[in-house]
Every structure is written in structure tokens, then in C-alpha cells.
Amino acid sequence: MALHVLAESDPTEFSVEASDDTLGTVDRRSLVPEFDHLVVDTGHWKFGRSAAIPMGMVARVDAERRVITLLCTKEQVKDAPRFARDQDTNDPAYLRRLGAYYAGILTP
């Protein structure tokens, strides 16, 4: 697991893979206190939706191939509280919902 790669470099444009399928590419990394996350452009989904994914969901980083693999499935990302606009990541209520959702995936 090379998570230090994400701390030391810009993962923009890295491919993002769920445990079962490709999701899209990293649009940006957001370093929000207590909720660092990736914003992933899932352009191939309906309406070009983006997704906010907590850094804790990263299983591994392959810096050479520029691929980030997640601990969750594509369907689980689709079912997460919807990320609609950048201001969402400054909304404590949204971050609590998102954090609780992904925590539930990690500890069923």
C-alpha cells in the first residue's frame, strides 16, 4: 500500500478502480481537516457525476501505472451520499453522512 504517494504528489488524472470495476479519474485531492478525500470524475456515468471518496477507502496506489484502487465496489460508490458541488465538502452535515456511509462499508 503506497498511500504516502498521495501525500507526496498530485494524484490528479490517476485512474481510479473500485474493487470490481473502473470508476474514472481523479479530478483533485482535497485536504479537508479530518476528511481528506479524492474527487473522482466518473464521466462515463449518467450525467457525468463526480464522487467524493474518503482517503480511507484507498486500498493501494500504483504510482508507476498511475492507478488508485479502492476498498469498495462501483455500486457502493454510486450509492454514497451524492456529491453535487464543491461546497459539499465544506458542509459538516454532508461530511458526517459521507463518513458514516463509508465507515459502514469498512465495518459491516
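Residues numbered from 1 in each chain as written. Predicted model: local features only at pLDDT ≥ 70, side-chain atom pairs only at ≥ 80, totals over all residues. Heavy atoms only, no water.

Draft legend 1. Layout of the overall build of the chain. Secondary structure summary: the chain contains three helices and six strands in total. Going from the N terminus to the C terminus, the chain shows its helices and strands as α-β-β-β-β-β-β-α-α. Residue burial in the chain is summarised as follows: out of 108 residues, 43% are buried. Considering only intrachain contacts with a sequence separation of at least 6, the fraction spanning at least 24 residues in the chain is 46%. Put simply, the chain shows about 6,000 Å² of open surface, and 49% of that area lies on carbon and sulfur atoms. (Helix = DSSP H or I, 4+ residues; strand = E, 2+ residues; numbered from the N terminus. Buried < 20%, exposed > 50% of the residue type's maximum accessible area, 1.4 Å probe, protein only. Contact = heavy atoms within 4.5 Å. Areas by Shrake-Rupley, 256 points an atom, 1.4 Å probe, with all protein chains shown as cover.)

Draft legend 2. Summary view of the pairing of strand 4 (residues 50–54). Counting buried positions along strand 4 gives five out of five residues, so the element sits mostly inside the fold. By the alternation rule, side chains of strand 4 split into Ser 50, Ala 52 and Pro 54 and Ala 51 and Ile 53, which are all buried. Bridge analysis of strand 3 (residues 37–41) against strand 4 gives five bridges, and the strand direction is antiparallel. Within strand 4, the residue paired with His 37 across the bridge is Pro 54. (Pairing = 2+ DSSP bridges.)

Draft legend 3. Up close: the packing of aromatic side chains. This structure, assessed with the given rule, holds one aromatic pair. Centroid distance Tyr 101 to Tyr 102: 5.1 Å. Interplanar angle 80 degrees. Geometry classified as edge-to-face. Look at Tyr 102 and you get buried, because its relative accessible area is 2%. (Phe/Tyr/Trp six-rings, centres within 6.5 Å; stacked < 30°, edge-to-face > 60°.)

Draft legend 4. Molecular detail of the pairing of strand 3. Within strand 3, four of the five residues are buried, which leaves it mostly tucked inside the rest of the structure. As judged from the five bridges shared by strand 2 (residues 22–30) and strand 3, these two strands associate in the antiparallel manner. Considered in strand 3, the bridge of Arg 28 is made with Val 39. Linking two consecutive strands that pair antiparallel, namely strand 2 and strand 3, is a turn of six residues; a positive phi of about 70 degrees is found at Glu 34 within it.

Draft legend 5. Broad picture of the sheet that holds strand 5 (residues 58–62). Across the sheet, which stays open at both edges, the six strands sit in the order 4-3-2-1-6-5 with mixed pairing between neighbours. What marks the edges here is a single partner per strand, and that holds for strand 4 and strand 5. For this sheet, the mean inter-axis angle between neighbouring strands, taken without regard to orientation, is 35 degrees. (Axes fitted to C-alpha atoms, helices over the stretch in contact; angles between N-to-C directions.)

Draft legend 6. Quick look at the pattern of salt bridges. Within the structure shown, the criterion is met by three salt bridges. One salt bridge connects Asp 27 with Arg 28, and the closest N-O pair in it is separated by 2.5 Å. (Salt bridge = Lys/Arg side-chain N within 4 Å of Asp/Glu carboxyl O.)

Draft legend 7. Up close: the confidence of the model for the chain. On average, residues of the chain carry a pLDDT of 85, and 87% of them reach 70 or more. Helix 1 (residues 4–8) is the least confidently modelled element of the chain, averaging 60 in pLDDT, while strand 6 (residues 67–70) averages 96, the highest of any element. (pLDDT = per-residue confidence, 0-100.)

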